[in-house]
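Summary of structural features
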Amino acid sequence: MARYDRLSARPQPKLVSDRGSAAWSHNLADSEWDRTLAEWSGHPLQSALWGEARRRVDGIASEYWCARIGGVPALVARIEVRRLGPIGKAAWIPKGPTLAPGVDSGAALQGMLDHLRARGFLVAISDLYKQSTQPLPDGVPLLPNSPTAFVDLRLGRDALLAAIDSKTRYGIRAAEKARLIVEQSRSELDVSAFFALCAQLSEDKAFALPGSEALMQALCAGPAGAPVEARLFVARSEGKFAAGALTLRCGKSLHYMWGAMDRAFVKLHASEAIQWAVMQWGVGNGIETYDLEGIDTVNNPGTAKFKLKLGGVETAMPGRRAYALGPLGAIALRAGRWLGKI
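As a starting point, this report considers the structure included with it.

Definitions and cut-offs
Residues numbered from 1 in each chain as written. Predicted model: local features only at pLDDT ≥ 70, side-chain atom pairs only at ≥ 80, totals over all residues. Heavy atoms only, no water. Pairing = 2+ DSSP bridges. Helix = DSSP H or I, 4+ residues; strand = E, 2+ residues; numbered from the N terminus. Axes fitted to C-alpha atoms, helices over the stretch in contact; angles between N-to-C directions. Buried < 20%, exposed > 50% of the residue type's maximum accessible area, 1.4 Å probe, protein only. Parallel < 35°, antiparallel > 145°, perpendicular 65-115°, else oblique. Left-handed = near helix turned anticlockwise from the far one by under 90°. Contact = heavy atoms within 4.5 Å. Phe/Tyr/Trp six-rings, centres within 6.5 Å; stacked < 30°, edge-to-face > 60°. Nonpolar A, V, L, I, M, F, W, Y, C, P; charged D, E, K, R; others polar.

On to the sheet that holds strand E10 (residues 181-185). Read across the sheet, seven strands follow the order E10-E11-E12-E13-E14-E9-E15 without closing on themselves; strand pairing throughout is mixed. Looking along the sheet, the strands with just one partner apiece sit at the ends: E10 and strand E15 (313-315). Put simply, the sheet's adjacent strands are angled 30° from each other on average, direction ignored. Of the strand pairs in this sheet, strand E9 (residues 148-152) and E15 are connected by three bridges, and their pairing is antiparallel. Note on E15: the bridge partner recorded for Phe150 is Val313.

Assignment of secondary structure puts Arg68 in strand E3 (residues 62-69). Residue classification places Arg68 among the buried positions, given a relative accessible area of 17%.

Relative orientation of the contacting elements helix H2 (residues 48-58) and helix H7 (residues 213-220) amounts to 135°, with a least axis distance of 9 Å. Taken together, the axes of H2 and H7 lie oblique to each other. For the pair H2 and H7, the crossing hand works out as right-handed. Seen from H2, the contacting residues are Leu49, Trp50, Ala53, Arg54, Arg56 and Val57; seen from H7, they are Ala214, Leu215, Ala218 and Leu219.

Turning next to the pairing of strand E12 (residues 240-250). Burial analysis of E12 places ten of its eleven residues in the buried class, which makes it a mostly covered element. Pairing of strand E11 (residues 228-237) with E12 involves ten bridges; the strand directions are antiparallel. Note that in E12 the partner of Val234 across the bridge is Gly244. Hairpin connection of E11 to E12: two residues between the antiparallel strands, including Glu238 at a positive phi of 50°.

As a further point, take the packing of aromatic side chains. Summed over the entire model, instances satisfying the criterion amount to six aromatic pairs. Where Trp24 meets Trp65, the ring centres are 6.0 Å apart and the plane angle is 75°; that geometry is what we call edge-to-face. Within this pair, whereas Trp24 is found in strand E2 (residues 22-26), its partner Trp65 is found in strand E3, the two being separated by 41 residues in sequence. Trp24 sits in the buried class, given a relative accessible area of 1%. Look at Trp65 and you get buried, because its relative accessible area is 1%.

Pro97 follows Gly96 through a cis peptide bond whose omega is 5°. Structurally, Pro97 is set in the loop between strand E5 (89-93) and strand E6 (98-99). Even without being a glycine, Glu238 presents a positive backbone phi close to 50°. With respect to the secondary-structure elements, Glu238 resides in the loop between E11 and E12. One non-glycine residue, His269, lies in positive phi territory at about 55°.

What follows concerns the packing of helix H6 (residues 188-205) against H7. With their axes 10 Å apart at the nearest point, H6 and H7 run at an angle of 140° to one another. On the basis of their axis angle, the class for H6 and H7 is oblique. The interaxial crossing formed by H6 with H7 has right-handed handedness. Residue-level contacts link Glu188, Val191, Ser192, Phe194, Phe195 and Cys198 of H6 to Glu213, Met216, Gln217 and Cys220 of H7. A per-class count over the contact of H6 with H7 returns six nonpolar, two polar and two charged.

So, in structure tokens, the structure goes:
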């Protein structure tokens, strides 16, 4: 959905910068938004690909904000507007906002909070994807995000294979000997088969599946080769769907979003084969990092162990932080936390 780039008519807050004050614009075109996000190594949950898929499938609308300093973009934030009953609205910024390299993150975030307050928001919840080297505005720390595991694809194929756990390397070789075929697909039938595996896994392990078939279809229907794109890797044995992994690429980073395997093919080591195929594709296409997207050694130790065996380096994430934007916002934030809504 194309959008127009409009400057707000409201008074503009300032970001601390030797280049001057910030001019805020809203609703950049999808292509410009995702290109900027990819150049800054942002997270795909901040992308227009993800936001527009959620709008079409789940009816969740997004606002796309950009702060420019001296005419140059310095901060972008995809904001999901959440109603706080009859009293106002909150801004939820999943895995964002995203900052241009070299920007003072503390000043940029404060400028965004000031602008949110000026536009009538009572509460803001940020979820920075990268650790900040500058002090951030005071806020209420929420439950920290689980750490993630990053694989440095710049190491190259041989070094990556050497970093993988020996049992996992054995599984990769066993899958090759079993002639398991791993390929990429954008077929609606394959997406449906993959979702069915994910749904079965969530039922077997008693966890809520964070996504629907419609969302996966919408993501995979996006254009291949775009700055932010979905890529579904599937493993087949004698033509039968054995396993899959749905990844999102954002510039030079790759993100593992969903994965599942048919237990009937466990001896063929389809999961190991899928992940190795993803990493090899990344190396061959200039991808620098592979984010395995969260490890939870307490509640999901098996998956955490599998990801770390792939050579992933455990990395702490900043965690979510809530901000009250004024006295009424402070009341709304306390009430939301007491009710378990925030």
